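Tertiary structure, described
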Amino acid sequence: MSNAGTIIIAGNSARPLTVNRLGYGTMRLTGEGIYGEPPNRPEALQILKKAIESGVNFLDTADYYGEDVTNRLIAEALYPYNNDLVICTKVGGARKPDKSWIPFNTPENLRTSIENNLRTLKIDRVSLVHFRCIGHGSTPFEQSMEAMFQMQQEGKILHVGVSNVTRADLQTAMKMGEIATVENMYGHAQRTTHKEGYMESNGGEEVLDICEANGIPLVPYFSLFLSMPKKDERIAAIAKKYNISQVQANIAWLLHRSPWILPIPGTSSLQHFEENLKAADIKLTEEDMKFLA
């Protein structure tokens, strides 16, 4: 990961965190439908260990992945943790028995989720927590954010971030307290808000300028999930030019798109994980980036 460099989280705070670009998103380590145990548990543990050995020090998880599956895998594979490891989790959502996603965003819900994350990860404080906006629950956004900042004051959370937010949501949150990171949907082929069924994913392109102006890392989710099915001849051409995969070309584009983007490509395959890491060493030219714009 020699060319990707590092990124600073909460750079204006008293406790900034420096992490390597790339990170790793653990969501794919679960069973079918992001639910239940992984089909290959030994490989899942191996990927987490390989990530740390390879210099990855930013892991993205959530207690509603599984449920609790990725947190328990992280603890099993990596506890006690390296001092430089940043485990980022999300709260604000939960799963129903039918595997559907529902808001879990009242102050009481959020506190329950934080306590659960602390327990399953075997830690006393979460380094970074994203409040994830899921659907349109009855709890106002401001009330949920107040609960997040309250738990930060109590020492349960070091840094607060937001996820799946609109531009207005982000601006509101920034007026209430320091926002360390934003996690929105973002990839080469899908950069703006995407709606599918009852799910709405707010786009990273719509908030990237705010992030850049304020030194807030943008953590893209679904960077490959929505981009790869959309055949883009430009990505294919870049992949052919450098003799790399189209997945690697997509990741390289994210790394070059802005120094404030922290990609977290996820996979349940050790081979694909190792291939993804190599994208950090791919150098795209200005001409390449104009071609991919």
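Heads up: the structure comes first, above all this text.
Everything numeric in this text was worked out from a predicted model, so none of it was measured. (Residues numbered from 1 in each chain as written. Predicted model: local features only at pLDDT ≥ 70, side-chain atom pairs only at ≥ 80, totals over all residues. Heavy atoms only, no water.)

**Regarding the overall build of the chain**
Quick reminder of the rule: A run of H or I in DSSP becomes a helix once it reaches four residues, and a run of E becomes a strand once it reaches two; helices and strands are each numbered from the N terminus. In this treatment the radius of gyration is a C-alpha quantity, and the globule benchmark scales as 2.2 Å times the residue count to the 0.38 power. Relative accessible area decides the class of each residue, using a 1.4 Å probe on protein chains only: under 20% of the type maximum gives buried, over 50% gives exposed, and in between gives partly exposed. By the convention used here, residues are in contact when the closest approach between their heavy atoms is within 4.5 Å. All accessibility values rest on the Shrake-Rupley procedure with a 1.4 Å probe; residue burial counts only the protein chains present in the view. The charge count treats Lys and Arg as positive and Asp and Glu as negative. His and the chain ends do not count. Note that the charge is assigned to NZ on lysines, CZ on arginines, CG on aspartates and CD on glutamates.
Broken down by element type, the chain carries 10 helices and 13 strands. For the chain, the C-alpha radius of gyration of 18 Å lies close to 19 Å, the compact-globule estimate for 293 residues. Looking at the chain as a whole, 55% of its 293 residues are labelled buried. For the chain, restricting intrachain contacts to residue pairs at least 6 apart in sequence, the fraction spanning at least 24 positions comes to 72%. When the accessible surface of the chain is split by element, carbon and sulfur atoms take 49% of a total near 12800 Å². Between the averaged position of the 30 positive side-chain charges in the chain and that of its 34 negative side-chain charges there is a distance of 2 Å.

**Looking at helix α7 (residues 233-242)**
Basically, it comes down to this: Throughout, the arc means that of the directions going from the helix axis to the C-beta atoms. Under this definition, polar contacts are N or O atom pairs within 3.5 Å; protein pairs additionally need one hydrogen-donor-capable and one acceptor-capable atom, and for neighbouring residues in sequence, both atoms have to be side-chain atoms.
Considered for burial, the residues of α7 that qualify are Ile235, Ile238 and Ala239. In an axial view of α7, the angular spread of the buried residues amounts to 100°, which keeps them on one side of the axis. Facing away from the buried side of α7 by more than 90 degrees, the exposed set consists of Glu233 and Lys240. Turning to α7, the residues buried within the fold contact α8 (246-257) and α10 (286-292). The distance from a side-chain oxygen at the start of α7 to the backbone nitrogen of Arg234 is 2.8 Å, and the residue carrying that oxygen is Asp232. Looking one or two residues past α7, Asn243 carries a phi angle of roughly 55°, positive in sign.

**Things to note about the environment of Cys88**
Note on placement: Cys88 falls in strand β5 (residues 86-91). With 40 residues separating them along the chain, Cys88 and Leu128 place their C-alpha atoms 4.8 Å apart.

**Some remarks on the sheet that holds strand β3 (residues 24-25)**
Heads up, the rule is: Criterion used throughout: strands pair if DSSP finds at least two bridges between them.
Ordered in space as β3-β4-β5-β8-β9-β10-β13, the seven strands form an open sheet in which the pairing is parallel. At either margin of the open sheet sits one strand with a lone partner, and together these are β3 and β13 (218-221). Examined bridge by bridge, strand β8 (residues 126-132) and strand β9 (residues 157-163) share six bridges and lie parallel to one another. Opposite Leu128, over in β9, you have His159 as the bridge partner.

Everything listed here is a matter of coordinates, which is why it stays silent on function.
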